Amino acid sequence: MNRVYRSELDGLRAIAVLSVIIYHANLAFKGIPLFSGGFLGVDIFFVLSGFLITGILIDKSPTLLQFYKSRVDRIYPALLLMLFLSCIFAYIYLIPSDLLNFREQLKGAVAFFSNYIFMYEDSYIADSSQYKILLHTWSLGVEWQYYLAFPFVIYGIKKFFSSQFEQILIILFAVSFFYCLYLMKINSTFAFYSTPARVWELFAGGIVFLISKHLKDSKFDNILSAFGLVIIAYCLIFFKDTDAHPGFVSLLAVFGTTLFILFTKENSFIYKIATLRISIFFGVISYSLYLYHQPILVFYRFSYGEIGNKVFVALFVLMILISYLSYRFFENPIRRSKNNKKYLILLFFVLFIIAFYKGAKYTNGYEFRQSQEVREALKHFDSPEYKRFSQETLGFTIDNKEVKTCMFRTPHTSCKIENIGKNLLIIGDSFVDVFSRSFANKESLNMNFIILGQCPLLQEGVWFGEVPECSDTNKLRWIEIEKMNPTNVLVGTNFNQFYRGKKPISQYIPTVTKEFKEKVSKEEVYKSFRKSIEKLISLGHNPIILLQPPSPIKDGKSYDVAKELKRQVASGVLSFKEEWDAVPTTNIDNEVR
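Within each chain, residue numbers correspond to sequence positions counted from 1 in written order. In view of the model being predicted, local features appear only for residues whose pLDDT reaches at least 70, and side-chain atom pairs are presented and counted only at 80 or more, with totals across whole chains, interfaces and linings using the full set of residues. Side-chain measures were taken over the full set of non-hydrogen atoms in the model, leaving aside hydrogen atoms and water.

Segments assigned H or I by DSSP are reported as helices when at least four residues long, segments assigned E as strands when at least two residues long, and all are numbered from the N terminus. From N to C terminus, the protein chain includes 23 helices and 14 strands. Its C-alpha atoms put the protein chain at 80 × 55 × 50 Å along the principal axes. Here the protein chain, with 593 residues, has 51% of them falling under the buried criterion. The contact criterion used throughout is that any non-hydrogen atoms of two residues lie within 4.5 Å. In the protein chain, the share of contacts with a sequence separation of at least 24, taken over all contacts with a separation of at least 6, comes to 75%. The method behind every accessible area is Shrake-Rupley, applied with a 1.4 Å probe, and residues are considered shielded solely by the protein chains displayed. For the protein chain, the computed accessible surface area is about 28,600 Å², with 61% contributed by carbon and sulfur atoms. Neither His nor the chain termini are counted; the positive set is Lys and Arg, and the negative set is Asp and Glu. Charge positions are represented by NZ for Lys, CZ for Arg, CG for Asp and CD for Glu. Of the charged side chains in the protein chain, 65 are positive and 51 negative; the average position of the first set lies 7 Å away from that of the second. The rule is simple: take the accessible area with a 1.4 Å probe, protein chains only, and divide by the maximum for that residue type; under 20% is buried, over 50% is exposed, in between is partly exposed.

Okay, here's the thing in structure tokens:
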């Protein structure tokens, strides 16, 4: 099977881009997420890209200059236009701190290394990702880095190992895939964004191209094609972003995609579905649609709050309109133009983006756009409350880095406030640290703050989240506590994390390592917590347990009140009357008691 243009692949692109859009919009029907595995649409794109790029390099054998010029013509025009428009809307709608965050994303998007910028931030599935305007450009970073190296791989194989083409690509596929699995054990966010841990999906597309060159028709083709489509649908509908991915979750989506590419034949039932006019339309504008969907969703969230199903319909129509106009009147004409003056247009966009980037740096996010009163109010939202308590006297993290923030300090370099009055030890994680600044203003208390995010006071032998150092930190906590005279101890933590306990690992990177070998049951974690309270009492201390703070909800959904207040302040609202409901904490409070 060796067709020059395969229209059914546009149908596959349509499935991929629509699933990503629905996933990023957080759509749900009666509380059930739609396309909870929509993030795997990017994996489908990777396979398609590997398939097509391998075909270009093998069948057409362009020079390196011709190849890279074709990639610039394909990717840069629509991308630069989207970034240009995003800069304008960022200037209009974003407050200075958010615009500075956008500035960093902009740098990565222009130079195609967004994946390595987002790698060191919150995970792809974190709530904060809903407010990253250029989050989706991480995949363009992976693809462009692949483009830089892959021609050398292909041409090197053609020259020196032409008879082992498929075998070498299979070896490269395996090396990348097993590296991905290895990296998953250390940090799944690193595995998600890392090009070496993702390139196996593009190699899979290359292998499929090589197989398709000599694959003969079979009576099972239609069944295998349909099976591939079923696998893709299953992955997009039933997988969740909390499943361990990339890795075997992504492998299944990749496998379904390869079956579809290999076995979909002209005039088959699957082919006819994939080549419907509507499928071809979305496939043709899929790149523009992918580029514009995230900025449109995020700018709406910044300006008006959460996106409901009805609002999404209007936004989706807007996405289609902008994407079509971009494709019809800008992307496609520039790509097909033989006139090199087109690069002057692209140069203008690049220079504009650089100027915007520099301007944001020197004007602190163009803060002159807002009144002094609003700017002062917005300072309260610069960082989460639990990170705002700090002291000029430096402390140290467990890996000996100097810090001012109180939450990250080792117990023996903790923040202290010396007053004449009662003694109070505040100990736990960020759920108690949110009260630290309020306590710090109490002149009648002599206080010690021993706090580490995602690290409740327990006996050693358990950790949570991204804080593998928690077990070692608790060892140090008890050393300090045993030195103290009897005192009042305020113990606070996020009890919801008690079902996610992990057994200690011997080697870890503080605040980076997430993966683990063995879980610790919720019952064991509570038992450890109980022993900790009993030990405090046996040492003569007076423990005071802070129960679970309620989570705000609105219209039945969890709600980011801080983000909503920040949005209103940015528009000039400096007093609030709105109230939010909260999720009852009765069940978990009873567990604690």
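All right, on to the environment of I53 then. Along the chain, the position of I53 falls in helix α2 (residues 41–60). Since its relative accessible area comes to 2%, I53 is described here as buried. Sequence spacing of I53 and G205 is 152 residues, and the spatial spacing of their C-alpha atoms is 8.7 Å. Look past the residues within four positions of I53 in its chain and what remains in contact with it is F67, R71, Y146, Y147 and F150.

Let's shift gears to unusual backbone geometry. Note that the residue after H245, namely P246, is joined by a cis bond; omega there is -5°. Locating P246 in the fold gives a position in the loop between α10 (221–238) and α11 (248–263). Here the phi dihedral of F35 falls at roughly 50°; this positive angle occurs in a residue that is not glycine. Mapped onto the fold, F35 is located in the loop between β2 (32–33) and α2. Taking the relative accessible area as the measure of exposure, F35 reaches 29% and is therefore partly exposed. Its identity as a non-glycine residue notwithstanding, S61 has a phi of 45°, on the positive side. Relative to the elements of secondary structure, S61 occurs in the loop between α2 and α3 (64–93).

Moving on to helix α15 (residues 309–336). Here a helix's expected span is defined as the number of its residues, less one, multiplied by 1.5 Å. Spanning 28 residues, α15 covers 38 Å between terminal C-alpha atoms, matching the ideal 40 Å at 1.5 Å per step. Here the buried face of α15 lies against α1 (8–25), α3, α13 (277–284), α14 (286–304) and α16 (342–362).

Here 5 strands make up an open sheet; going across it, the order is β5-β7-β6-β8-β11 and the pairing mixed. With partners counted over all chains shown, the strands left at the sheet margins are β5 (415–417) and β11 (542–546), one partner each. Each strand axis lies, on average, 15° off the axis of its neighbour in the sheet, ignoring direction. Each pair of strands is called paired provided DSSP finds at least two bridges between the two strands. Bridge count for strand β6 (residues 422–428) against strand β7 (residues 445–451) is 7 bridges, and the pairing is parallel. Its bridge partner lying in β7, L424 is registered against M447. Its contacts with the sheet put helix α20 (residues 470–483) on β6 and β7, and the angle it makes with β6 is roughly 170°. Note on geometry: axes are C-alpha line fits, over the in-contact stretch for helices, and angles between N-to-C directions span 0 to 180 degrees. Sitting on the sheet, helix α21 (residues 522–538) touches β8 (488–492) and β11, and the angle it makes with β11 is about 145°.

The subject of this paragraph is the state of the cysteines. In this description, the term disulfide denotes a pair of cysteine sulfurs within 2.5 Å. This model, assessed by the stated rule, comprises 2 disulfides. Across the disulfide, C406 is cross-linked to C415 (sulfur-sulfur distance 2.0 Å). The disulfide joining C406 to C415 has a torsion of about -90° about its S-S bond and is therefore left-handed. Taking the relative accessible area as the measure of exposure, C415 reaches 0% and is therefore buried.

Moving on to the pattern of salt bridges. Salt bridge, as used here: a side-chain nitrogen of Lys or Arg that lies within 4 Å of a carboxyl oxygen of Asp or Glu. Here the structure, examined in full by the defined rule, presents 20 salt bridges. As a salt-bridge pair, K404 and E392 come within 3.1 Å of each other at their nearest N and O atoms. With K404 in strand β4 (residues 402–405) and E392 in strand β3 (residues 390–396), this pair connects stretches of sequence that are 12 residues apart. Take E392: its relative accessible area is 64%, and that puts it in the exposed class.

Running from amino to carboxyl end, α2 crosses helix α9 (residues 199–214) at an angle of 50°, the nearest separation of the two axes being 6 Å. It follows that α2 is oblique to α9 by the angle criterion. In this structure, α2 meets α9 at a crossing whose hand is right-handed. Facing α2, whose interface residues are D43, F46, V47, S49, G50, F51, T54, G55, I58 and D59, α9 presents E201, L202, G205, G206, V208, F209, L210, S212 and K213. Should an angle fall under 35 degrees it is called roughly parallel, over 145 degrees roughly antiparallel, and 65 to 115 degrees roughly perpendicular, with every other angle called oblique. Helix crossings get a hand from a simple test, with the near helix turned counterclockwise from the far one by less than a right angle marking a left-handed crossing and a clockwise turn marking a right-handed one.

Another point: a nonpolar patch on the surface. Together, F269, I273, L276, I278, F281, L318, L321, Y324, L325 and F329 line one region of the surface with nonpolar side chains, adding up to about 950 Å² of accessible area. Broken down by secondary-structure element, the contributors of at least two residues to the nonpolar patch are α12 (269–274), α13 and α15. Ranked by residues supplied to the nonpolar patch, first place goes to α15 with 5 residues. Mapped onto the fold, F281 is located in helix α13. In this analysis, a patch consists of residues with relative accessible area above 30% that form no salt bridge, clustered at 9 Å for like charges and at 5 Å for the nonpolar side chains Val, Leu, Ile, Met, Phe, Trp and Tyr.

Before going further, it helps to spend a moment on the side chain of R198. Within the secondary structure layout, R198 lies in the loop between α8 (188–193) and α9. When its relative accessible area of 1% is taken as the criterion, R198 is described as buried.

Right, let's get into the pairing of β3. Across 3 bridges, β3 lies against β4 in antiparallel orientation. Residue S390 lies in a different strand from β4, and its bridge partner there is T405. The hairpin turn running from β3 into β4, its antiparallel successor, is 5 residues long, and N400 in that turn takes a positive phi close to 65°.

Bringing the packing of aromatic side chains into the picture now. Ring pairs (aromatic) are described by centroid distance and by the angle formed between their planes. Only Phe, Tyr and Trp rings take part, Trp by its six-membered ring, and two of them pair if their centres are within 6.5 Å. Stacked means planes under 30 degrees apart, edge-to-face means over 60, and tilted covers everything else. Under the criterion given, the structure shown has 52 aromatic pairs. Considering the side-chain rings of F348 and F349, the 5.5 Å spacing of their centres and the 55° angle between planes classify their relative orientation as tilted. The exposure class of F349 is buried, given its relative accessible area of 7%. Through pairs of rings, three or more aromatic residues link up here, namely F67, Y68, Y76, F112, W144, Y146, Y147, F150 and F203. Between the NZ or CZ atom of R369 and the centre of the ring of Y91, over which it lies, the distance is 5.2 Å. Put simply, a charge is over a ring when the Lys NZ or the Arg CZ is close to the ring centre, within 6 Å, and near the line of the ring normal, within 35 degrees. The ring of W478 has K535 lying over it, and the distance from NZ or CZ to the ring centre is 4.6 Å.

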